[in-house]
Amino acid sequence: MKVEIYKDKNEGGQAAFNIIKDGIENGAKVLGLATGSTPVTLYNAMTSSDLDFSNLTSVNLDEYVGLPATNDQSYHYFMQEHLFNKKPFKKSYVPDGEAADIEAAAKDYDRIIDENPIDIQILGIGRNGHIGFNEPGSPFDGPTHKVSLTQSTIDANARFFENESDVPRYAISMGIGSIMKSKNILLIAYGEDKADAIKATIEGPVTTDVPASILQKHNNVTFILDEAAASKLSQKY
Ligand SMILES: N[C@@H]1[C@@H](O)[C@H](O)[C@@H](COP(=O)(O)O)O[C@@H]1O
């Protein structure tokens, strides 16, 4: 486990970009991608670079259930806006939150992950330690599945919607088992409101109460933090 602490999200985004660039130069073919405000500085570094992604595949972590791809709060829309319109990949997968049968769509998605093993997975983290949309209590070996969002996540994401009642109550998310199959994992966190989750993830016990804590057991994980997100760590890294 590596912990890298940067001044702010711009330096963190550049550091994450450098790791991805090195990975691609060393043969990475599949990137696992995340949404939320955290990876935006990374995606900005990617879109302003001269790197070409047209031979790569991307696999996103999650999507809300019930939002069409044209809705500007859907994760399909987010990825188009922040990355794919400017830097298209050979093939990009995002879970289908509009499928009539979400459980079947989840099974299909795990097949896609098995056929496209993820070389580098980008993760943000929720204030309650969730990764993707795997809320506290999710099994560590879980597959892609339909998730009922917790009130903490609904509240945190309400800032992107006009009303709290517009925030979808369900999502489809890669499971922690699917995430843990990735060869390399980069978990990125910025800001003081992530400091408790980061301390519990890195220095706390491995427990399903803090989904990201399972990353302590992954053999190739790097935490990219800003000083505020790292401010509650008690060891020096
Ligand atoms: N499903 C996403 C997560 O993948 C993301 O990591 C988290 C944190 O978002 P932010 O980066 O905006 O703090 O929000 C959502 O719940």
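Residues numbered from 1 in each chain as written. Predicted model: local features only at pLDDT ≥ 70, side-chain atom pairs only at ≥ 80, totals over all residues.

**Q** Talk me through the sheet that holds strand β7 (residues 145-148); I want residue IDs and the actual numbers.
**A** Strand order in the open sheet formed by 3 strands is β4-β8-β7, with antiparallel pairing between adjacent strands. The open sheet has two free edges, formed respectively by β4 (62-64) and β7, since each of these has just one partner strand. Ignoring which end each strand starts from, the neighbouring axes of this sheet average 25° apart. Here 4 bridges tie β7 to strand β8 (residues 170-173), and the two strands are oriented antiparallel to one another. Of the residues in β8, the one forming a bridge with Lys146 is Ile172. Where helix α4 (residues 102-115) meets the sheet, it contacts β7 and β8, and its direction lies at approximately 125° from that of β7. (Pairing = 2+ DSSP bridges. Helix = DSSP H or I, 4+ residues; strand = E, 2+ residues; numbered from the N terminus. Axes fitted to C-alpha atoms, helices over the stretch in contact; angles between N-to-C directions. Contact = placed C-beta atoms within 7 Å.)

**Q** Could you give an account of helix α7 (residues 195-203), with specific residues and numbers?
**A** Ala197, Ile198, Thr201 and Ile202 are the residues of α7 that are buried. All buried residues of α7 project into a common sector of 115° when viewed along the axis, lining one side. Buried-residue contacts for α7 involve β1 (2-6), β9 (184-189) and β10 (221-226). (Buried ≥ 20, exposed ≤ 12 C-beta atoms within 10 Å, placed from the backbone. Arc of directions from axis to C-beta.)

**Q** Could you give me a rundown of the site of the ligand, with the residues and numbers involved?
**A** Taken together, 14 residues surround the ligand, and among them Gly36, Ser37, Thr38, Gly124 and Phe133 come closest. Residue classes in the shell around the ligand are distributed as 4 nonpolar, 9 polar and 1 charged. (Near = placed C-beta within 6 Å. Nonpolar A, V, L, I, M, F, W, Y, C, P; charged D, E, K, R; others polar.)

**Q** Quick rundown of helix α1 (residues 9-25)? Include the residues and the values.
**A** Counted at 1.5 Å a residue, the expected span for α1 with its 17 residues is 24 Å, and the 24 Å between its end C-alpha atoms agrees. Those residues of α1 that sit buried are Lys9, Gly12, Gly13, Ala15, Ala16 and Ile20. The buried residues of α1 occupy one face: seen down the axis, they fall within an arc of 160°. Opposite its buried face, α1 presents the exposed residues Asn18, Asp22 and Glu25, each directed more than 90 degrees away. Buried residues along α1 sit against β1, β2 (30-33), α2 (40-47), β6 (120-123), β9 and β10. Just beyond α1, the residue with positive phi is Gly27, at close to 100°. (Expected span 1.5 Å × (residues − 1).)

**Q** Requested: an account of the UniProt feature "active site" (unreviewed entry) in the chain, with residues and values cited.
**A** UniProt feature "active site" (unreviewed entry): in the numbering of this structure it lies at Asp62, Asn128, His130 and Glu135. Residue Asp62 is classed as buried on the basis of its 23 C-beta neighbours within 10 Å. Locating Asn128 in the fold gives a position in the loop between β6 and β7. Among the residues examined, Asn128 registers 19 C-beta atoms within 10 Å and is labelled partly exposed. Asn128 has contacts with Pro136, Thr150, Ser152 and Ala197, leaving out every residue within four places of it along the chain. (UniProt positions renumbered as here; feature names shortened; annotations may be inferred.)

**Q** I'd like to hear about the nonpolar core, residue by residue, with values.
**A** Membership of the largest hydrophobic core comes to 61 residues, with the highest contact counts inside it found for Leu123, Leu186, Leu187, Ile188, Ala189 and Ile224. The element best represented in this core is β9, accounting for 5 residues. For Leu187, the residues in contact, after removing those within four places along its chain, are Leu123, Ile125, Ala212, Leu215, Val221 and Phe223. (Core = buried A, V, L, I, M, F, W, Y, C linked by C-beta atoms within 7 Å.)

**Q** Can you tell me about the sheet that holds strand β5 (residues 91-93), naming the residues and giving the values?
**A** The strand order across the open sheet formed by 7 strands is β1-β10-β9-β6-β2-β3-β5, and the pairing between neighbours is parallel. Every other strand in the sheet has two partners, leaving β1 and β5 as the edge strands with one partner each. Across this sheet, the average inter-strand angle for adjacent strands is 15°, counted without regard to direction. Pairing between β6 and β9: 4 bridges, direction parallel. When the sheet's bridge partners are listed, Leu123 is paired in β9 with Leu187.

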